[in-house]
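Structure at a glance
Here's the letter readout for the chains.
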Amino acid sequence: GLRKKEVNVLCLGLDNSGKTTIINQLKPPNNSNHLGPLSSEWKHVSQTQAQDIVPTIGFNIEKFKTSSLSFTVFDMSGQGKYRNLWEHYYKDSHAIIFVVDSVDKLRMVVVKEELDTLLQHEDIRDKKIPVLFFANKMDLQDAMSSNKVTQMLCLDSIQDKPWHICASNAIKGDGLQEGLDWLQGQIS
Ligand code: GTP
Ligand code: MG
């Protein structure tokens, strides 16, 4: 059959925002490719694994396929000491997933700093790369709405790149499909 288009996705955001939990939901178990992302058959498996997720050291590479695309996801560590690794992958990326912990109000200024640094980087600045934001942890009581997150990060000032924000609950998988659908529409 036809070769699927290969897409490199960079998953960024502060530590503890939920990047690995999200990617774990997107990929099938054991990397089997016959079921689509978020298929109910293996969603259960991912959920039972959610509690086993540990902070990422450096980064992990995950691969999964949808009907039209073949994704390679770089799941970066969000810890301060590893954030300098992010920029090495900007050049070869076709899309960015930026995950925000919607409960962590104290660190929203840090999120904004990291986002601004990303958007101003020479390998990103002039690129019309789609950026998908997840306002994650929407299940928690003190979570800010996606509108509030949009406002705090001044996302409306991003003019030169397509971007989209979805509220998500990575543990249950809520909101992830909507985000992935948008991203696929931007790429294919
Ligand atoms: P680093 O690898 O350190 O950069 O963190 P990360 O962004 O990969 O976060 P990770 O996926 O490891 O999740 C951090 C913690 O948040 C874990 O205990 C997850 O179970 C929890 N978590 C992730 N998403 C959600 C969510 O939507 N709701 C709730 N309640 N907890 C979540
Ligand atoms: Mg992680």
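Here is a short report on the structure shown in this document. The model shown is predicted, which means the values in this text are computed figures rather than measured ones. One numbering rule holds for all chains: residues counted from 1, following each sequence as written. Chain letters start at A and ligand numbers start at 1, both assigned in the order the entries are written. A pLDDT threshold of at least 70 governs which residues receive local features in this predicted model, and a stricter bar of 80 or more applies before side-chain atom pairs are shown or counted, although totals over entire chains, interfaces and linings include all residues.

Let us now look at the overall build of the protein chain. Helical segments are the DSSP runs of H or I of at least four residues, strand segments are the runs of E of at least two, and each set is numbered from the N terminus. Counting its secondary structure elements, the protein chain contains five helices and six strands. Each helix and strand of the protein chain, placed in order from N terminus to C terminus, yields the pattern β-α-α-β-β-β-α-β-α-β-α. Excluding contacts between residues fewer than 6 apart, the proportion of contacts in the protein chain whose partners are at least 24 apart in sequence is 77%. By definition, residue pairs are in contact when their C-beta atoms, positioned from the backbone, come within 7 Å.

The buried count for strand β4 (residues 95-101) comes to seven of seven residues, which makes it a mostly enclosed element. Any residue whose C-beta has 12 or fewer other C-beta atoms within 10 Å is treated as exposed, any with 20 or more as buried, and any in between as partly exposed, C-beta atoms being built from the backbone. Alternating positions in β4 separate into two faces, A95, I97, V99 and D101 on one and I96, F98 and V100 on the other, with burial throughout. The handedness of a crossover follows from its direction of travel: if, with the strands pointing away from the viewer, the path from the first strand over the helix to the second runs clockwise, the crossover is right-handed. The handedness of the β4 to strand β5 (residues 131-136) crossover, carried by helix α3 (residues 108-120), is right-handed.

Put plainly, near means the residue's C-beta atom, positioned from the backbone, lies within 6 Å of the molecule or strand in question. Not every one of the 23 residues close to ligand 1 is listed here, only the nearest: G18, T20, T21, T56 and G78. Per-element tally for the shell around ligand 1: the top contributor is helix α1 (residues 19-26), with three residues. Only Asp, Glu, Lys and Arg are considered charged in this grouping, and only Ala, Val, Leu, Ile, Met, Phe, Trp, Tyr, Cys and Pro are considered nonpolar; every other residue, Gly among them, is considered polar. When the residues that make up the shell around ligand 1 are grouped by side-chain class, the tally is seven nonpolar, 12 polar and four charged.

On to helix α5 (residues 176-187). In this model, α5 (12 residues) spans 17 Å end to end at C-alpha, consistent with the 16 Å of a helix rising 1.5 Å per residue. Within the span of α5, buried status applies to L176, G179, L180 and L183. Here the buried residues of α5 occupy an arc of 95° about the axis, which is enough to place them on one side. Looking at the buried residues of α5, the elements they touch are α1, β4, β5 and β6 (163-167). A helix is expected to span 1.5 Å multiplied by its residue count minus one. By construction, the arc corresponds to the directions joining the helix axis to the C-beta atoms.

In this section: the sheet that holds β4. Pairs of strands are assigned from DSSP output, requiring at least two bridges between the strands. Spatially, six strands are ordered β2-β3-β1-β4-β5-β6 in an open sheet, and the strand pairing comes out mixed. Two strands close off the open sheet at either side, each with one partner strand: β2 (59-65) and β6. On average, adjacent strands in this sheet sit at an angle of 20° to one another, irrespective of strand direction. Bridging between strand β1 (residues 5-12) and strand β3 (residues 69-76) involves seven bridges; their strand directions are parallel. When the sheet's bridge partners are listed, E6 is paired in β3 with S70. For helices, the fitted line uses only the C-alpha atoms of the stretch in contact; every axis is such a line through C-alpha atoms, and the angle between N-to-C directions lies from 0 to 180 degrees. Sitting on the sheet, α5 is in contact with β1, β3, β4, β5 and β6, with an inclination near 175° to β5.

This part is about the environment of K112. Note on placement: K112 falls in helix α3. Separated by 15 residues in sequence, K112 and K127 have C-alpha atoms that sit 20 Å apart. Residue contacts for K112: discarding those within four places in its chain leaves M152 and L153.

No statement about biological role is implied by the geometric values presented.
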